[in-house]
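Observations on the model geometry
Letter by letter, the chains look like this.
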Amino acid sequence: MNLTVHDITHQYKGFYALQGINMELTPGIYGLLGPNGAGKTTLLRILVDIISPTKGEVLYNNREISALGSQYRDILGYLPQNFSGYRNFTAENFLMYVADLKGLDKQAARERVQELLEVVGLHETKKKKLKNFSGGMSRRIGIAQALLNDPDILILDEPTAGLDPSERIRLRGILSQLSKNKIIILSTHIVSDIEYIADEVLLLKEGKLIASEKPSELLHQLSNHVWHIQIDENELEHFSSAFTISNIHQQGTRIELRIVSKTQPHPNAKNVEPRMEDIYVSYFENE
Amino acid sequence: MLLWEIRKIIGNRWNLAFILCVVSLWGATLYLSGQAGSYQIYNRTLSFWHVLGSLSVGFFILFISTRIFISDKEDQVKEVILATRYGKGSLLLTRMLAVITCSSICIATLTIIQVFGFILFIPNETDMVSLPLHLSRALLFALIGGTLFSIFAACVCLLFNSQTATVIVCGFLFGMTYMLRSDLLQSYSLLWLLDKGFFSYLIRAKGVVMELEWPFLLSWYGCLLFLLISATIKIQARRHEL
């Protein structure tokens, strides 16, 4: 099973949202990282076949996805960035409705809905209307609907937005279990989610794919380039303008800085292990 | 799928208020007519579709049933729906069927209210032999008009992707017939077309008689719907929603 993105370009009224994207996706978890406006959502919409690219094509097992039509949508699960669900539907009814649209037979749909309500921890509130759901609960219903047809390709746009830490950990567990035979693409701003579960990180900047690497390889690129130092408050301005700062932590009158730099920024700076956030900052520091 | 869509329309919170409003207005109309004698009640019942019935059908179609074409966008589920097996062409067709079915249910409900009001207010001695014939004829025209107007409003809603725009455009075209005096209009003129060309004329039923203009009117309805459906299919395909 493979999903091939071949030379995708997408243009909105003279503005290039995506430019010459090429990638080959096989089963595994792909984390899509990039600042706002980098083109992440546009790329995901093209992969879901909701919009057509201005140029290029997306192939699923060497067949164009638009030509596959409903055959492609049969193996697809998608959670968009903005999702809330029909306000007057209960959680259970909404999932049954989507299951019907996905072509699941009634009995199978009923069982699958109960199973997924358990998985996302909403079984107790299945009779509650979606208009009474919190942001995190809506997100979990969104994740459940994407999993209804046990998709081969799962595309999640900001799945962890609004989820509390325990829910995020639970979702990471679910996705890790699913990733064996599926292509999972998730876009998120929460860098740690990608650090923990992604097999490959796709970095998108100004509509271009600037890197596609395993997290360990990306981290390796920054080994010996991340520094930790304690400075006085009045030194902060100097360090901020001279170096890429990945974290600032006020400790009384002192400030702890985490700096990404190829050279030692100060004789007192200690070399530390790089994290995914350092990678993000080093690639997108001016965004 | 059809049942889900019908359920969405029937479950609209405005339905109860809508029915209560029609019942109250119809009850008040019959009560006031009854002051002038049972003959007035009989006449008023025959003209039920002329104002109250037809306006109620128009309101139901524009404010309640066409909402299913816009609720995906409002409730932020459109992208989820479009990514499902039946979320494109099949769903559109199902929703068309749902609005037609619901407009027929609405017309049937209004007929029940019409007849029930008549039975409640009319004295026993009134001659009711010709009433069923009149009512069935009116019901038939209302059903045809309701179906055609449902398709028309659904297409306009899909084209504009906005219920407000649909209410303004379709409301204007549907409402013109109440403002124009049919008998003073020259056949085939623009005002004549506004009076009879947008389905409210059919739903009003009372004024519908076999006229010389019928072949033209039928061709007009056919062309109008054909063009509108073709435009909808083209636009939906361009939006990648078919």
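Keep in mind that what you see is a predicted model, and the values were worked out from it rather than measured.

A closer look at the overall build of chain A
Of the regular secondary structure elements, chain A holds 11 helices and 14 strands. If you line up chain A on its principal axes, its C-alpha atoms span 70 × 45 × 35 Å. Of all 287 residues assigned to chain A, the portion counted as buried reaches 52%. In the form shown here, chain A has an accessible surface area of approximately 13,000 Å², with 45% of it arising from carbon and sulfur atoms. If you average the places of the 31 positive and of the 36 negative side-chain charges in chain A, the two averages end up 7 Å apart.

Comments concerning the nonpolar core
Considering soluble globular proteins, one finds that nonpolar side chains tend to be buried as a cluster. Formed by 65 residues in total, the largest nonpolar core has its most connected members in W49, F149 and F152 of chain B. A per-element tally of this core places helix α8 (residues 131–160) of chain B first, with 15 residues. When neighbours within four sequence positions are excluded, F149 of chain B is seen to be in contact with G58, I61, L62, C170, F174, F198, F199 and I203 of chain B. Grouped together as the second largest cluster of nonpolar side chains are 43 residues, I29, A109 and V120 of chain A together with V77 of chain B included.

Focus on empty space enclosed by the protein
Unoccupied space between atoms shows up once a probe the size of one water molecule is rolled over them. All names here are of chain B. Taken as a whole and judged by the stated rule, the model has 4 cavities of 30 Å³ or more. Roughly 200 Å³ of volume is contained in the largest cavity. Lining the largest cavity are 16 residues, and of these D72, R95, L158, Q236 and E241 lie nearest its centre. Put simply, the parts of the chain that give the lining of the largest cavity at least two residues each are α5 (71–74), α6 (78–82) and α7 (89–121). Within the lining of the largest cavity, the residues separate by chemical class into 7 nonpolar, 3 polar and 6 charged. In this structure, the second largest cavity encloses a volume near 50 Å³.

How each quantity is defined
- Residues numbered from 1 in each chain as written.
- Chains lettered and ligands numbered in written order.
- Predicted model: local features only at pLDDT ≥ 70, side-chain atom pairs only at ≥ 80, totals over all residues.
- Heavy atoms only, no water.
- Helix = DSSP H or I, 4+ residues; strand = E, 2+ residues; numbered from the N terminus.
- Buried < 20%, exposed > 50% of the residue type's maximum accessible area, 1.4 Å probe, protein only.
- Areas by Shrake-Rupley, 256 points an atom, 1.4 Å probe, with all protein chains shown as cover.
- Lys, Arg positive; Asp, Glu negative; His and termini not counted.
- Charge placed at Lys NZ, Arg CZ, Asp CG, Glu CD.
- Core = buried A, V, L, I, M, F, W, Y, C linked by side-chain atoms within 4.5 Å.
- Contact = heavy atoms within 4.5 Å.
- 1 Å grid on protein atoms, 1.4 Å probe; cavity = no way out; pocket = protein on both sides within 12 Å on 5 of 7 lines; lining within 4 Å.
- Points joined across faces, edges and corners; volume = space filled by probe spheres on them.
- Nonpolar A, V, L, I, M, F, W, Y, C, P; charged D, E, K, R; others polar.

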